[in-house]
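Descriptive analysis of the structure
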Amino acid sequence: VFGFCGLCCKNKCMLKAFVIVLLIVIILEIVVMVLVFVYRDEGESSAQTTIRNLLNTTYGDISSNTRDVLDDLQRDFDCCGGFNITDYDNVVVRFNATVNTDVPLSCCRMSTGCTGNNPNAVDYYNEGCGTKLFDAIGRLGVGAFVIAIVFALLQILGMILACKYIMADDEGKSV
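As the structure is a computational prediction, the values presented were derived from the model and not from experiment.

What counts and how
- Residues numbered from 1 in each chain as written.
- Predicted model: local features only at pLDDT ≥ 70, side-chain atom pairs only at ≥ 80, totals over all residues.
- Heavy atoms only, no water.
- Helix = DSSP H or I, 4+ residues; strand = E, 2+ residues; numbered from the N terminus.
- Buried < 20%, exposed > 50% of the residue type's maximum accessible area, 1.4 Å probe, protein only.
- Contact = heavy atoms within 4.5 Å.
- Areas by Shrake-Rupley, 256 points an atom, 1.4 Å probe, with all protein chains shown as cover.
- Expected span 1.5 Å × (residues − 1).
- Axes fitted to C-alpha atoms, helices over the stretch in contact; angles between N-to-C directions.
- Parallel < 35°, antiparallel > 145°, perpendicular 65-115°, else oblique.
- Left-handed = near helix turned anticlockwise from the far one by under 90°.
- Nonpolar A, V, L, I, M, F, W, Y, C, P; charged D, E, K, R; others polar.
- Salt bridge = Lys/Arg side-chain N within 4 Å of Asp/Glu carboxyl O.
- Polar contact = N/O pair within 3.5 Å; in protein donor to acceptor, adjacent residues only side chain to side chain.
- Core = buried A, V, L, I, M, F, W, Y, C linked by side-chain atoms within 4.5 Å.
- Arc of directions from axis to C-beta.

Brief notes about the overall build of the protein chain
Helix and strand counts for the protein chain stand at five helices and two strands. Mapped from its N terminus to its C terminus, the protein chain presents α and β elements in the order α-α-α-α-β-β-α. In the protein chain, buried positions account for 28% of the 175 residues. Here the analysis covers contacts within the protein chain between residues at least 6 apart in sequence; of these, 57% occur between residues at least 24 apart. Approximately 11100 Å² of the protein chain is accessible, and the part contributed by carbon and sulfur atoms is 65%.

Printed below as a string of structure tokens:
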């Protein structure tokens with residue numbers, strides 16, 4: 001808005017405000033990109049730990065919405081638990097009030113005929129959902145990173161053009 005109004009009204013003060021705001025936005029974008037890059041491993045660990053904690057606190061409750069969300073996550077990402085299948089070692093997995101299993105069916109590979117009891121490594125997904133979820137976010141992050149770079153370049157171009165207009169106006173030239 002500052003840039004458009006400053007250019008239309010030939011107001012150098014608004015154009016300077018536009019350049020300053022763009023500079024601040026670019027600096028913030030760079031800081032966010034660096035922080036995401038530096039702390040990405042902590043994000044994966046946090047996702048794994050959060051899923052494991054949810055399993056230990058609410059998964060055994062048949063009526064829990066958390067259970068449905070975790071089951072959907074495990075089916076959609078072909079994963080089991082936060083870190084791996086051993087996250088279910090201390091969790092009571094109930095289908096209903098009378099039937100318990102060692103692990104949920106959402107951890108089962110579809111083609112194995114798995115029942116959720118007596119876990120056999122071949123029957124279950126081996127990788128934890130924290131890792132799978134973070135990998136999926138990372139793949140989306142590459143696209144977001146490219147888009148952020150393009151926007152940053154457009155912002156830099158806007159700053160350059162605004163500065164050029166300000167300097168040309170100072171010298172009495174038309175742009």
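From this point, the discussion proceeds with the structure in view.
A closer look at helix H4 (residues 65-77)
Here H4 spans 18 Å end to end across 13 residues, near enough to the 18 Å set by a 1.5 Å rise per residue. With its phi angle positive at about 50 degrees, Asp78 sits one or two positions after the end of H4.

Considerations on the packing of helix H3 (residues 40-58) against H4
H4 packs onto H3 with a crossing angle of 135 degrees between their chain directions and a minimal axis gap of 10 Å. The orientation of H3 relative to H4 falls into the category oblique. The two elements H3 and H4 meet at a crossing, and its hand is left-handed. Across the interface between the two elements, Ile51, Leu54, Leu55 and Thr58 of H3 pack against Thr66, Leu70 and Leu73 of H4. Taken together, the residues of the contact of H3 with H4 sort by class into five nonpolar, two polar and no charged.

A short note on the pattern of salt bridges
One pass over the full model with this rule turns up two salt bridges. Residues Arg52 and Asp87 are paired through a salt bridge, measuring 2.6 Å at the closest nitrogen-oxygen approach. You can see Arg52 sitting in helix H3 and its partner Asp87 sitting in the loop between H4 and strand S1 (93-94), a full 35 residues away along the chain. Take Arg52: its relative accessible area is 31%, and that puts it in the partly exposed class. Relative accessible area serves as the criterion here: at 4%, Asp87 is assigned to the buried category.

As for the side chain of Ser106
Relative to the helices and strands, Ser106 is located in the loop between strand S2 (100-101) and helix H5 (129-170). One polar contact links Ser106 to Asp71, side chain to side chain, over a distance of 2.8 Å. Beyond its immediate chain neighbours, meaning those up to four positions away, Ser106 contacts Tyr59, Asp71, Gln74, Arg75, Cys79 and Tyr125.

Description of the environment of Ala148
Position of Ala148 relative to the elements: it lies in helix H5. When the C-alpha atoms of Ala148 and Glu29 are compared, they prove to be 7.7 Å apart, with 119 residues separating the residues in sequence. Discounting chain neighbours no more than four positions away, the residues touching Ala148 are Glu29 and Met33.

Description of the nonpolar core
Core analysis: the largest hydrophobic core is formed by 17 residues, its most contacted members being Ile51, Leu55, Tyr59, Leu70, Tyr88, Val91 and Tyr124. For this core, the elements supplying multiple residues, two or more each, are H3 and H4. With residues up to four places along the chain from it excluded, the contact list for Leu55 reads Leu70, Gly81, Gly82, Asp87, Tyr88 and Val91. Grouped together as the second largest cluster of nonpolar side chains are eight residues, Leu15, Leu22, Ile26 and Met159 included.

Description of H3
A rise of 1.5 Å per residue sets the reference length of H3, with its 19 residues, at 27 Å; its end C-alpha atoms lie 27 Å apart and thus fit the reference within 8%. Within the sequence span of H3, burial applies to Ala47, Gln48, Ile51 and Leu55. In a view along the axis of H3, the buried residues occupy a sector of 90 degrees, so they form one face of it.

By themselves, these are just geometric observations and shouldn't be taken as functional.
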